Amino acid sequence: MKLQLPPRISAAAFQRGLAAFERVVGAEWVLASDLDRDTYRDMYQPANETTHVPAAAVAPQSTEEVQALLRLANEHRIPLWPISRGKNLGYGGSAPRMSGSVILDLSRMRRILDVDVKHGYCLLEPGVGFFDLYQHLQDNRIPLWLSVPANAWGSVIGNALERGIGYTPYGENTAQLCGLEVALPSGELVRTGMGAMTNGRAGQLFRYGFGPSWDQLFVQSNFGVVTRAGMWLMPEPEATLGLGFALPEASDIIWALDILAELRLRRVIDTSVTMGNYLRTATMRGQRAEWYQGPGPIPTEIERQIMEKYGLGRWNFTINLFGYDAVNQANARIIRDAFAPHYRGEIRETHWQRGEPLAQSAANIPTVVFLQVVNWWGGRGGHMGFSPILPTDGKEAYTQFEATRQRYEEFGLDHFGGFTMGERYLTNVNQIIYNRDDADMTRRAHALFNALVDDAARAGYGEYRTHLSYMDKVAHSFDFNDHALLRLNETVKNALDPNGIVAPGKSGIWPRAYRGERA
Ligand code: ADP
């Protein structure tokens, strides 16, 4: 891969910048060989593409080093793209939006600074992964539980900063952030909320602080580099109870989502119930060719065979309840009663009591099994997530599902779709799976993605998160008053980061210095 430098930076100026970085972190932690550059690219990038190519990476070990690097980046006009662990797979991994950016890899900053059992929180550096934190809690018999995304390879903070979700009552990970420490683009260090008091006693307890509340302004943004963050953790419950459902018909989501929505709104259910179609299971257990080798998406008859083999419905989901057993049992009865008028199938009930092996509970134990999804087509696989936010309404969800499925068919790809139930919204996650060695297939995957964003925008649905390649397009779809929100974001960006050195283009927010790079 040809070396791509930041816009308007000569090779000599770039080398001077890297040399300055080396004086901060040591030569060993400035990573600028061809292999290094390749390592930080998007692991799922189609083989024929040359976008989002980093020029190098630099890996500091402390907040002070991050601050020093930011100051030098300003001086040398070198854009930095911060990552925590860089496992944002399906959305760009560790790669930057703008080619020529230098990856600011925070994965060496891996200290668990505090775990407070009484108040249920931890204070972490960005490099702490879900596996690290899980191990720490287990080794020290700390009765706090994690909320873990499907692929748990990444960082706890990185995931929260991208609004990832887990599957416990604390599943909205970004909502558990409480109190950040951030190095601003200038290098200045701030703490948010109550942590802004030098001797603050409630930095990880009260979300808002005094005056404007800043935590969410550093989420999916490029206003600063988060060097530590408080995260709330759930106290280990007395018991968990699971209710497993399988819906036979695609249209069953019309009534099922409406029932779930009401139970969720009333907090009978307080987790993000996730409903996936049969392909979710099929991709975890085997490859497409075992089922079908013909052209176009998998035919209905074969879909039926797959569902039969794995004992699946068209839609499958488990409602997990966490808490006191007596309360779980009471809620389970309410849920059963709510489904009784519509649901004729079996409800698979599972139980766990404190003291029994954790694997039998509904605890989120980190795993990377989900990554198996990319083997579906064979070759070197990849996936991208297309995830619009919908109201919790069964009819609307079904209409959107059908429209999406037809688009997949049109582009010759298998529809892998699902819904995750928030308290008042649905995240409609659709995976686009491709073989990245197949140029025609990856071209169709891109075309499909573009079509889906346009369709959703017309219907009034925006994405909650997106791959680097679509950030401008998605940002553009938030268009009220001639894109007033984007102007506001960029006004703040230019004020905080006049040289535009932190993550230019993140979430479609371009600093003045790189305005020309917008898609
Ligand atoms: P994970 O490893 O958990 O998947 P990443 O490290 O890939 O998470 O981070 C996802 C995205 O979030 C990054 O591409 C970056 O835009 C943003 N990000 C991650 N960590 C930070 C941080 N410490 N400060 C600012 N932005 C960050």
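Predicted, not measured: the structure shown is a model, and the values here were computed from it. (Residues numbered from 1 in each chain as written. Predicted model: local features only at pLDDT ≥ 70, side-chain atom pairs only at ≥ 80, totals over all residues. Heavy atoms only, no water.)

Enquirer: Please give an account of the overall build of the protein chain that cites residues and values.
Expert: Along the protein chain, the regular secondary structure elements total 13 helices and 19 strands. For the protein chain, the C-alpha radius of gyration of 23 Å lies close to 24 Å, the compact-globule estimate for 519 residues. For the protein chain, the spread of C-alpha atoms along the three principal axes comes to 70 × 55 × 45 Å. Scored against the burial criterion, the 519 residues of the protein chain give a buried share of 57%. Look at the contacts in the protein chain between residues 6 or more apart in sequence, and 73% of them connect residues 24 or more apart. Carbon and sulfur atoms form 51% of the exposed surface of the protein chain, whose accessible area is close to 22,000 Å². (Helix = DSSP H or I, 4+ residues; strand = E, 2+ residues; numbered from the N terminus. Rg over C-alpha atoms; globule rule 2.2 N^0.38 Å. Buried < 20%, exposed > 50% of the residue type's maximum accessible area, 1.4 Å probe, protein only. Contact = heavy atoms within 4.5 Å. Areas by Shrake-Rupley, 256 points an atom, 1.4 Å probe, with all protein chains shown as cover.)

Enquirer: Talk me through helix α1 (residues 11-25); I want residue IDs and the actual numbers.
Expert: Taking 1.5 Å of rise per residue, 15 residues should cover 21 Å, and α1 covers 21 Å from first to last C-alpha, within 8% of that figure. Listed as buried for α1 are Ala13, Phe14, Gly17, Leu18, Ala20, Phe21 and Val25. Down the axis of α1, the buried side of the element spans an arc of 155 degrees, and every buried residue falls inside it. Pointing more than 90 degrees away from the buried face of α1 are the exposed residues Arg16 and Arg23. Packed against the buried residues of α1 are β1 (30-31), β2 (56-58), α3 (63-76), β3 (80-83) and β4 (102-105). Directly beyond the C-terminal end of α1, a positive phi value near 90 degrees is found at Gly26. (Expected span 1.5 Å × (residues − 1). Arc of directions from axis to C-beta.)

Enquirer: Describe the side chain of Glu303, and please don't skip the residues or the numbers.
Expert: Examined against the element boundaries, Glu303 turns out to sit in helix α8 (residues 300-310). According to the relative accessible area criterion, Glu303 is buried, its value standing at 15%. Those residues within four positions of Glu303 in sequence are excluded, and the remaining contacts are Tyr278, Ile298 and Arg314.

Enquirer: Just give me the short version of the site of the ligand, but keep the residues and values in it.
Expert: Surrounding the ligand, one finds 21 residues, the nearest of these being Ser84, Gly86, Lys87, Ser155 and Lys506. Here Trp81 contributes a side-chain N or O atom positioned 3.5 Å from an oxygen atom of the ligand. For the ligand, the accessible surface in isolation is 560 Å², of which the surrounding protein chains cover 97%. Looking at the shell around the ligand, the elements with two or more residues in it are β3, α5 (156-161) and β10 (225-232). For the shell around the ligand, the residue count by class is eight nonpolar, nine polar and four charged. (Near = heavy atom within 4 Å. Polar contact = N/O pair within 3.5 Å; in protein donor to acceptor, adjacent residues only side chain to side chain. Nonpolar A, V, L, I, M, F, W, Y, C, P; charged D, E, K, R; others polar.)

Enquirer: Quick rundown of the pattern of salt bridges? Include the residues and the values.
Expert: Scanning the entire structure with this criterion turns up 28 salt bridges. Between Glu402 and Arg405 there is a salt bridge, with its nearest N and O atoms 2.8 Å apart. Placement of both Glu402 and Arg405 in helix α10 (residues 394-410) is noted, with a separation of three residues, approximately one turn of the helix. Take Glu402: its relative accessible area is 17%, and that puts it in the buried class. The partner of Arg407 in a salt bridge is Asp455, with the nearest N and O atoms 2.7 Å apart. (Salt bridge = Lys/Arg side-chain N within 4 Å of Asp/Glu carboxyl O.)

Enquirer: Just give me the short version of the domain arrangement of the protein chain, but keep the residues and values in it.
Expert: Parsing the protein chain into structural domains produces domain 1 (11-105), domain 2 (112-235), domain 3 (239-471) and domain 4 (479-517). Measuring from the centre of the C-alpha atoms in domain 1 to the corresponding centre in domain 2 gives 24 Å. Of the residues lining the interface, 14 residues belong to domain 1; the matching set on domain 2 comes to 21 residues. The contact between domain 1 and domain 2 buries some 1,300 Å² in all, and 61% of this surface belongs to carbon and sulfur atoms. Along the contact surface separating domain 1 from domain 2 lie zero salt bridges. Connecting domain 1 to domain 2 are four residue pairs in polar contact (both at pLDDT 80 or more). (Domains from an automatic or database assignment. Buried area = accessible area lost by both parts, 1.4 Å probe.)

Enquirer: Please give an account of the sheet that holds strand β6 (residues 121-124) that cites residues and values.
Expert: One open sheet accounts for five strands, arranged β5-β6-β10-β8-β9; its pairing is antiparallel. Here the strands that pair on one side only, and so sit at the sheet edges, are β5 (112-116) and β9 (189-191). For this sheet, the mean angle separating the axes of adjacent strands, direction not counted, is 10 degrees. Strand direction decides the pairing type here: strand β8 (residues 177-183) and β10, joined by five bridges, are antiparallel. (Pairing = 2+ DSSP bridges. Axes fitted to C-alpha atoms, helices over the stretch in contact; angles between N-to-C directions.)

Enquirer: Tell me what's going on with the environment of Met441, and back it up with residues and numbers.
Expert: Note on placement: Met441 falls in helix α11 (residues 439-459). Take Met441: its relative accessible area is 5%, and that puts it in the buried class. With 28 residues separating them along the chain, Met441 and Leu413 place their C-alpha atoms 8.3 Å apart. Contact partners of Met441, with chain neighbours within four places excluded, come to Trp377, Leu413, Tyr434 and Asn435.

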